[in-house]
Amino acid sequence: STSGDRLVPKDLFGVNLAYNIGTDDIDSSVQHLDWHDEMGVFNVATDFRPDVIIGSDLVYYPMDTPPLLQTLEKMIKAGGASDALLILPLTTEREALPEFRSQLEDGALGGSCEVTMDELEMVEKGIASDEETIHKFLRIQIQSHDNAS
């Protein structure tokens, strides 16, 4: 579904975690997080208090960049998360990605966070042919020196 011009994939909430974890032996959970809802972000940061933030395919529209950066900052500073891993497709449809990347490189999360970025490639091979498709991704790793264990 959409919220205004924003993509909000409510139908998939928690589905990927359940599929990827697939066991009750691992202590994991997921929380709904709309980075345009400042109070909701603060509540998740202070009540849920994640150790690690994992996100993928987060950056689409320029209007999402400031609230997403604020959300990451709140989850790290108020929520105590020590690490974040973001994987973002490097495609032209992600018009906000250059600005998001630039702001992270310029220290938008403050001096206590170390941000490293690198580009990854995934090669998809066709089943019926030898055709290959290359998908490119940006891996962003964020480590908080204040919250490191």
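Below you will find a few notes about this structure. (Residues numbered from 1 in each chain as written. Predicted model: local features only at pLDDT ≥ 70, side-chain atom pairs only at ≥ 80, totals over all residues. Heavy atoms only, no water.)

1. What to know about the overall build of the protein
The helix and strand inventory of the protein stands at four helices and six strands. Classification of the 149 residues of the protein by burial places 27% in the buried group. Put simply, 67% of the contacts in the protein that link residues at least 6 apart link residues at least 24 apart. When the accessible surface of the protein is summed, it comes to about 9,700 Å², and 49% of that surface belongs to carbon and sulfur atoms. (Helix = DSSP H or I, 4+ residues; strand = E, 2+ residues; numbered from the N terminus. Buried < 20%, exposed > 50% of the residue type's maximum accessible area, 1.4 Å probe, protein only. Contact = heavy atoms within 4.5 Å. Areas by Shrake-Rupley, 256 points an atom, 1.4 Å probe, with all protein chains shown as cover.)

2. Comments concerning the nonpolar core
Core analysis: the biggest nonpolar cluster contains 24 residues, and Val59, Leu72, Phe100, Ile140 and Ile142 have the highest contact counts within it. For this core, the element with the highest residue contribution is helix H3 (residues 65-77), accounting for five residues. Not counting chain neighbours up to four residues away, the residues in contact with Ile142 comprise Leu72, Ile76, Ser82, Asp83, Ala84, Leu86, Leu109, Cys113, Glu114 and Val115. (Core = buried A, V, L, I, M, F, W, Y, C linked by side-chain atoms within 4.5 Å.)

3. Thoughts on the packing of H3 against helix H4 (residues 97-105)
Interaxial distance between H3 and H4 falls to 10 Å at its minimum, and their mutual angle equals 40°. When the axis of H3 is compared with that of H4, the two are oblique. In this structure, the crossing between H3 and H4 has a hand that is right-handed. Between H3 and H4, the residues in contact are Thr65, Leu68, Leu69 and Leu72 and Glu99, Phe100, Gln103 and Leu104, respectively. Split into classes, the residues belonging to the contact of H3 with H4 amount to five nonpolar, two polar and one charged. (Axes fitted to C-alpha atoms, helices over the stretch in contact; angles between N-to-C directions. Parallel < 35°, antiparallel > 145°, perpendicular 65-115°, else oblique. Left-handed = near helix turned anticlockwise from the far one by under 90°. Nonpolar A, V, L, I, M, F, W, Y, C, P; charged D, E, K, R; others polar.)

4. Brief notes about the pattern of salt bridges
Across all of its chains, the model carries eight salt bridges by this definition. Residues Lys136 and Glu121 are paired through a salt bridge, measuring 3.7 Å at the closest nitrogen-oxygen approach. Note that Lys136 is positioned in strand S6 (residues 132-144) and Glu121 in strand S5 (residues 113-125), a separation of 15 residues in sequence. Assessed through its relative accessible area of 42%, Lys136 is described here as partly exposed. Salt bridges here are not isolated pairs; linked through shared partners, they connect Arg101, Glu105 and Glu119. (Salt bridge = Lys/Arg side-chain N within 4 Å of Asp/Glu carboxyl O.)

5. What to know about unusual backbone geometry
Of note in the backbone geometry, Arg49 takes a positive phi value of approximately 50° without being a glycine. Among the secondary structure elements, Arg49 is positioned in the loop between helix H2 (38-48) and strand S3 (52-56). Arg49 gets classed as partly exposed once you look at its relative accessible area, which sits at 43%. With phi around 55°, Asp57 is a residue other than glycine that occupies positive phi space. Tracing the chain through its elements places Asp57 in the loop between S3 and H3.

6. Topic: the side chain of Ser144
Relative to the helices and strands, Ser144 is located in strand S6. There is a polar contact of 3.3 Å between the side chain of Ser144 and the backbone nitrogen of Asp146. The contacts of Ser144, once residues within four sequence positions are left out, are Ile76, Ala81, Ser82, Ser112 and Cys113. (Polar contact = N/O pair within 3.5 Å; in protein donor to acceptor, adjacent residues only side chain to side chain.)

7. Thoughts on the pairing of S6
Regular strands place side chains that alternate from one sheet face to the opposite one. Here strand S4 (residues 83-89) pairs with S6 via seven bridges, running antiparallel. Looking at S6, one finds that Asp83 is bridged to Gln143. Direction of pairing for S5 relative to S6: antiparallel, over a ladder of 13 bridges. Each bridged residue has a counterpart across the sheet, and for Glu124 the counterpart in S6 is Thr133. Counting the residues that bridge the hairpin from S5 to S6 gives six residues. (Pairing = 2+ DSSP bridges.)

All quantities given are derived from atomic positions and should not be read as evidence of function.
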